[in-house]
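One-letter residues, chain by chain:
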Amino acid sequence: MKTIETSQVIIVGAGLGALYAALKLAPRPVVMISPERLGKGASSAWAQGGVAAAMHMSDSAESHAADTIKAGDGMVDADVADLVTQEARAHILNLTELGTPFDRTENGDYVMSREAAHSFARVVRVKGDQAGAEIMAALIERVRATPSIQVLEGTMAIDLDVTDCRVGGVVLQSADDARSAPLILRGSAVLLAGGGSGGLYALTTNPPRIRGQVIGLAARAGAVIADAEFVQFHPTAMDVGEDPAPLATEALRGEGAILTNNRGERFMQALHPDAELAPRDVVARAIFAQSQAGRRPMLDTREVLGEAIKTQYPAVAEACARNGIDPAIEPIPVAAAAHYHMGGIATDTEGRASLDNLWVCGEASSTGLHGANRLASNGLLEALVFARICAQSIAKSVPETAVSPIDVTFEDGGTPPDPDAVAQLRQTMTTHVGVVRNATGLKTALRTIAALEAANTASVSFLNMTATATLIAVAALNREESRGAHCRDDFPNTFQGQGQRSRLTLKDALAIRSQICKEAS
Ligand code: SIN
């Protein structure tokens, strides 16, 4: 295989964690592997709510950590929660210095949104629902102006290059032409910051390219994967037939929007004392139950926002307009959709994976912060905190010397994923590994994933998807309890006390999958 050698740090991904880490590594030379033009196609740019941080005088990092631990349902690493919440304020101030136009009150304080399971209005925002896009825009401007950062737009990583358990680089393909022949790019260190797994599901809020490939490529190289079973479903994805489903931010419920069904019932009041602001997993299951029962759940913003939704929440308003919905006079139909993967590549407190010379930050990682159920708007925060931690850790082993940019050109020779196989995989995940799970469905999913994989071995990108899908389904089968976002109707109870985090290698998961396939034959 054609090989390119460089002394740059290779960063896989182009979302918030990737951009922030690249800036924190400067002036150390970095090459970013970005499937699309910067700012397009990264989950971070689609984040509506904002970043959770105790910015108000009467709020505290301790209270933020306590809410994080409570939402995580016995699975959060308390030391990680302390670390992340303590650092939150400094990162918001840093993003402000870097040019993010956070919403401010007349006194100049940050405007704070309230989101579910936070005991305080604690989410900094930009123009209502534009936080992700605006933070990304500010960082992209800085990245473009930083000479030590080279961005390879239109490229994607499909494999790790590993020798004797040490990661030396990545295998690249053109993201624009999946028929391109793979090539090896070797660098001084590798940081994976390429997003989660939401797009492995047919119903998702994630951008189309986010299909678990980064977790899958690390797993295929032998990295340990933690908490894979914990996939968060967002309760208020708009049910308008779009793929991906547009998000109606939780901040709307923070404003007082209510959930109703086609019988006019406000069903959350009977289910939880916090009603619409109950923890996300509770609301997601309630929405799912309404959808399953044919009662068409809806988000009603009419009374609290009226016409103001159109100026205060432009992303939501635009998605409504595109679909012929006027939220000032009618409720928005919603469904529970895969939104965030709490699990991912297991990392230590320096952001290191189990393979040497490999770091991970953002949704692809599993740091222990989110436990079984991520607290709203802790995702971008974790990406910021661990991007800097990873950059500091990498900097210890990489010199500051200047390096010439590399030139990458692709030849023909690769195999793209079969769109029908991808569609079947996604439907299987939604049907059998979704909001409510059981052993029968999970085993059916594993057999289908195995069959799809066997029929599509030529596409490495597809193998990355099936690897992550296998890990999620096996971890979900192994966890014989219901906890946080992981709900088993055949094991409805939660084990007493602190939960045990799951750790799996792909080899272990494949052994279980093959046993299940044998049982059926
Ligand atoms: C939202 O705005 O509802 C999503 C926020 C998040 O996922 O943290």
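It should be noted that the structure appears before, not after, this text.
Here the structure is a predicted model, which is why all the values come from computation and not from measurement.

**A short note on the sheet that holds strand β14 (residues 258–260)**
Right, so step 1: The antiparallel open sheet is built from four strands, whose spatial order is β13-β16-β15-β14. Each of the sheet's edge strands pairs with one partner strand only, and the pair in question is β13 (231–238) and β14. Along the sheet, successive strands turn relative to each other by an average axial angle of 45°, direction set aside.
Right, so step 2: Bridge analysis of strand β15 (residues 298–300) against strand β16 (residues 332–341) gives two bridges, and the strand direction is antiparallel. Each residue of the ladder has a partner; that of Leu299, found in β16, is Ile332.

**Notes on the site of the ligand**
Right, so step 1: In the vicinity of the ligand, the contacting residues are Gln48, Gly49, His234, Leu247, Thr249, Glu250, Arg280, His339, Arg374, Ala376 and Ser377.
Right, so step 2: At 2.7 Å from an oxygen atom of the ligand is found a side-chain nitrogen or oxygen belonging to His339.
Right, so step 3: At a separation of 2.6 Å, an oxygen atom of the ligand approaches a polar backbone atom of Ser377.

**Focus: the sheet that holds strand β5 (residues 112–113)**
Right, so step 1: The strand order β4-β6-β5 describes an open sheet built from three strands, whose pairing is antiparallel. Looking at strand neighbours, the two that pair on one side only are β4 (51–52) and β5, the edges of this open sheet.
Right, so step 2: Looking at chain direction, β5 and strand β6 (residues 123–124) are connected through two bridges and run antiparallel. Bridging across to β6, Met112 finds its partner in Val124.

**Focus on the packing of aromatic side chains**
Two aromatic rings are characterised by how far apart their centres lie and by the angle between their planes.
Right, so step 1: Considering all chains together, one arrives at two aromatic pairs under this definition.
Right, so step 2: Between Phe102 and Tyr110, the aromatic rings sit 5.8 Å apart at their centres with planes inclined by 65°, giving edge-to-face as the arrangement. Neither residue differs from the other here; Phe102 and Tyr110 are each classed as buried.
Right, so step 3: Aromatic side chains Tyr201 and Phe233 sit 5.6 Å apart centroid to centroid with 90° between the ring planes, which places their arrangement in the edge-to-face category.

**Regarding the side chain of Arg125**
Right, so step 1: Examined against the element boundaries, Arg125 turns out to sit in the loop between β6 and α5 (131–144).
Right, so step 2: On the accessibility criterion, Arg125 (13% relative accessible area) is buried.
Right, so step 3: Leave out the neighbours within four places in its chain, and Arg125 touches Gly49, Phe102, Asp103, Val111, Ser113, Ala131, Glu255 and Tyr313.

**Some remarks on the packing of helix α14 (residues 439–454) against helix α15 (residues 460–478)**
Right, so step 1: Two elements in contact, α14 and α15, have axes whose closest approach is 10 Å; the angle formed by their N-to-C orientations is 160°. Between α14 and α15, the interaxial angle falls into the category roughly antiparallel. Once α14 is placed against α15, the crossing between them reads as left-handed. Contact residues: Ala439, Leu442, Lys443, Leu446, Ile449, Leu452 and Glu453 in α14; Phe462, Leu463, Thr466, Ala467, Ala469, Thr470, Ala473, Val474, Ala476 and Leu477 in α15.
Right, so step 2: The residue makeup of the contact of α14 with α15, split by class, is 13 nonpolar, two polar and two charged.

**Observations regarding the packing of helix α1 (residues 16–25) against α5**
Any two packed helices are characterised by how steeply their axes cross, that is the angle between the axes, and by the distance between the axes.
Right, so step 1: Relative orientation of the contacting elements α1 and α5 amounts to 35°, with a least axis distance of 10 Å. Between α1 and α5 the crossing geometry is left-handed. Along its contact with α1, which presents Leu16, Leu19, Tyr20 and Leu23, the element α5 presents Ile135, Met136, Leu139, Ile140, Arg142 and Val143.
Right, so step 2: Across the contact of α1 with α5, the residue classes tally to nine nonpolar, no polar and one charged.

**Here we look at the environment of Thr100**
Right, so step 1: Note that Thr100 resides in the loop between α4 (78–97) and β5.
Right, so step 2: Sequence separation between Thr100 and Arg125 is 25 residues, and the spatial gap between their C-alpha atoms is 9.9 Å.

**Some thoughts on the pairing of β13**
Right, so step 1: Of all eight residues in β13, eight are buried; the element is thus mostly enclosed.
Right, so step 2: As defined by bridge partners, β13 adjoins β16 across six bridges and the pair is classed as antiparallel. What sits directly across from Gln232, in β16, is Tyr340.

**Some points on a negative patch on the surface**
Right, so step 1: A grouping of Glu62, Asp77, Asp79 and Asp82 is seen on the molecular surface, where their side chains present a negatively charged patch.
Right, so step 2: Residue classification places Glu62 among the exposed residues on the basis of a relative accessible area of 51%.

Each value, and the rule that gives it
Residues numbered from 1 in each chain as written. Predicted model: local features only at pLDDT ≥ 70, side-chain atom pairs only at ≥ 80, totals over all residues. Heavy atoms only, no water. Pairing = 2+ DSSP bridges. Helix = DSSP H or I, 4+ residues; strand = E, 2+ residues; numbered from the N terminus. Axes fitted to C-alpha atoms, helices over the stretch in contact; angles between N-to-C directions. Near = heavy atom within 4 Å. Polar contact = N/O pair within 3.5 Å; in protein donor to acceptor, adjacent residues only side chain to side chain. Phe/Tyr/Trp six-rings, centres within 6.5 Å; stacked < 30°, edge-to-face > 60°. Buried < 20%, exposed > 50% of the residue type's maximum accessible area, 1.4 Å probe, protein only. Contact = heavy atoms within 4.5 Å. Parallel < 35°, antiparallel > 145°, perpendicular 65-115°, else oblique. Left-handed = near helix turned anticlockwise from the far one by under 90°. Nonpolar A, V, L, I, M, F, W, Y, C, P; charged D, E, K, R; others polar. Patch = residues over 30% accessible without salt bridge, like charges linked within 9 Å, V, L, I, M, F, W, Y side chains within 5 Å. Areas by Shrake-Rupley, 256 points an atom, 1.4 Å probe, with all protein chains shown as cover. Salt bridge = Lys/Arg side-chain N within 4 Å of Asp/Glu carboxyl O. Lys, Arg positive; Asp, Glu negative; His and termini not counted. Charge placed at Lys NZ, Arg CZ, Asp CG, Glu CD.

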